[in-house]
Amino acid sequence: MTTVVIGEVLVDLAWHTGTAHIVPHPGGSPANVAVGLHRLGHPATLMTCWGDDPPGDLVRAHLDSIDVRVHRLPSASGRTTIALAYLDDATGSARYDFLAAWDPQDIHLSEQAMLIHTGSLAAVVEPGATRIVETCRAHRARPGRSVSVDLNVRPAVLPDRDAYRTRAELLVATADLVKASDEDLAWLYPGLTPEAAAQTLLALGPRLAVITRGAQGATALTAEHQVTVPAPPTHVVDTIGAGDAFQACLLDTLLQPDGTIRLPATPAELEAVLRRCVIAGALTCARAGAQPPTGEEITAALTAASPSPAPTTR
């Protein structure tokens with residue numbers, strides 16, 4: 001059975017503060033998730049589009065080098081998306097600007113597709129965003145099929161908050177699980193706590209919402225439970241791809257052999273899932289660019305970790 005990741009692939013131009021050099025890193029949130037799943041031993045098909053241009057050549061070489069299955073969709077513009085990432089070396093955080101193109105002309109899923117994962121720019125950049133919502137809605141209506149969404153909010157591509165929130169909510173309404181960072185939720189729902197914002201997303205239809213909190217860890221919410229676990233200490237090189245590594249680990253942990261997902265039903269199950277995922281994010285932060293870990297690396301880090309503070313449950 002097949003997992004399909006739909007969304008943009010791009011080139012991050014990493015510009016470190018205080019330097020005059022820009023370093024290109026091929027990536028894009030959906031592409032990073034597909035790579036992360038591959039490294040965890042759960043191959044996924046990446047449905048994406050890029051241009052026949054120099055950034056596209058870099059993207060093609062990157063995808064070929066890590067042997068991810070790719071279904072290249074026809075693009076109306078024939079352009080590759082470029083992200084300019086301004087990196088703060090003191091904190092490892094990144095601020096983004098985009099030359100965005102997301103205009104797949106046809107999205108056709110195999111009958112074997114069981115799980116769709118999508119989000120990021122593809123959730124809001126038209127005309128592709130509307131096509132993804134339609135695809136996810138039709139997919140989830142079929143028995144046994146599931147949809148996962150990572151909002152990965154990027155206001156630079158759509159500064160109108162109300163318009164962004166409307167598009168994001170249309171996609172979330174098609175999903176079984178949704179992930180967002182506390183910064184994503186603060187921008188989408190100013191005035192609400194991250195937990196209250198996540199509850200707003202749950203009310204749209206998902207059964208699981210996960211909030212990533214950077215160095216503060218992560219929180220998982222269902223209709224019945226809420227659990228927070230801390231992040232492990234790590235030396236942060238940069239944060240590029242950390243959320244995508246977390247997302248890939250989340251899907252890998254929940255996926256069953258038949259391609260369906262099993263969502264955690266108890267606080268203990270939620271805690272176990274989150275502890276594995278925050279390790280995946282921390283390992284990625286310790287590397288330059290989007291370099292998600294393998295399952296062996298995650299297992300070794302979990303084994304080596306000292307006892308952590310008890311999770312917060314409710």
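Every chain's residues receive numbers from 1 upward, in the order its sequence appears when written. Per-residue local features are limited, in this predicted model, to residues with pLDDT of at least 70; the limit for side-chain atom pairs, both in listing and counting, is 80 or more; totals at the level of whole chains, interfaces and linings are taken over all residues. Note that the side-chain values use all heavy atoms of the structure and ignore hydrogens as well as water.

Chemist: How would you sum up the pattern of salt bridges? Please name residues and give values.
Modeler: Salt bridges are defined as contacts in which a side-chain nitrogen from Lys or Arg sits within 4 Å of a carboxyl oxygen from Asp or Glu. Counted according to the given criterion, the structure contains 12 salt bridges. Arg140 is the salt-bridge partner of Asp176, the closest N and O atoms lying 3.4 Å from each other. Of the two residues, Asp176 sits in the loop between helix 4 (161–172) and strand 10 (177–181) while Arg140 sits in helix 3 (residues 128–140), which places them 36 residues apart along the sequence. Each residue gets one of three labels from its accessible area relative to the maximum for its type: buried under 20%, exposed over 50%, partly exposed in between, using a 1.4 Å probe on protein chains only. For Arg140, a relative accessible area of 25% puts it in the partly exposed group. We note a salt bridge from Asp162 to Arg165, for which the minimum N-O separation is 2.5 Å. A residue pair is termed a helical-turn pair when its members lie 3 or 4 positions apart in one helix, as Asp162 and Arg165 do in helix 4 at 3 residues. Taken together, the salt bridges that share partners define one network made up of Asp52, Arg60 and Arg72. We count a stretch as a helix when DSSP gives it H or I for four or more residues in a row; a strand needs E for two or more, and each element gets its number in order from the N terminus.

Chemist: For the packing of aromatic side chains, give the residues involved together with the corresponding values.
Modeler: Two rings from Phe, Tyr or Trp (for Trp, the six-membered ring) form a pair when their centres are within 6.5 Å of each other. A pair whose planes differ by under 30 degrees is stacked, one over 60 is edge-to-face, and the rest are tilted. Taken as a whole and assessed by the stated rule, the structure comprises 1 aromatic pair. Both rings, one in Tyr164 and one in Trp187, keep their centres 5.4 Å apart while their planes meet at 75°; by these two values the pair is edge-to-face. Of this pair, Tyr164 sits in helix 4 while Trp187 sits in helix 5 (residues 182–188); the two residues are 23 residues apart in sequence, bridging distant segments of the chain. Classification of Tyr164 by relative accessible area gives buried; the value is 1%. Both a distance and an angle decide whether a charge sits over a ring: NZ of Lys or CZ of Arg must be within 6 Å of the ring centre and within 35 degrees of the ring normal. A cation over a ring is seen here: Arg161 above Trp187, with NZ or CZ 4.9 Å from the ring centre.

Chemist: Talk me through the environment of Gly7; I want residue IDs and the actual numbers.
Modeler: Among the structural elements, Gly7 can be located in the loop between strand 1 (2–6) and strand 2 (10–16). Along the backbone, Gly7 and Ala242 are 235 residues apart, and their C-alpha atoms lie at a distance of 17 Å. Excluding its chain neighbours within four sequence positions, the residues that come into contact with Gly7 are Pro30, Leu46, Met47, Thr48, Trp102 and Ala122. Contacts are assigned to residue pairs that have any heavy atoms within 4.5 Å of one another.

Chemist: Pulling in residues and values, what's your account of the packing of helix 8 (residues 267–285) against helix 9 (residues 295–304)?
Modeler: Every axis corresponds to a line fitted to the C-alpha atoms, with the helix fit spanning only the stretch in contact, and the corresponding angles, defined between N-to-C directions, vary from 0 to 180 degrees. It is the contact of helix 8 with helix 9, at a shortest axis distance of 9 Å, that shows an interaxial angle of 110°. One finds that helix 8 runs roughly perpendicular with respect to helix 9. Contact residues: helix 8 offers Arg275, Arg276, Ile279, Ala280 and Leu283, while helix 9 offers Glu297, Ile298, Ala301 and Leu302. If an angle is under 35 degrees, it is roughly parallel; if it is over 145, roughly antiparallel; if it lies from 65 to 115, roughly perpendicular; otherwise it is oblique.

Chemist: Give a description of the pairing of strand 9 (residues 146–150) that names residues and reports values.
Modeler: A regular strand places its side chains so that they alternate between the two faces of the sheet. Buried residues dominate strand 9, accounting for 5 of its 5 residues. Residues Ser146, Ser148 and Asp150 point to one face of strand 9 and Val147 and Val149 to the other, with burial holding for every one of them. By definition, two strands form a pair when at least two bridges between them are found by DSSP. Pairing of strand 8 (residues 113–119) with strand 9, which is carried by 5 bridges, proceeds in the parallel orientation. Residue pairing in the sheet places Gly119 in a bridge with Asp150 of strand 9. Where strand 9 and strand 10 come together, 3 bridges link them in parallel fashion.

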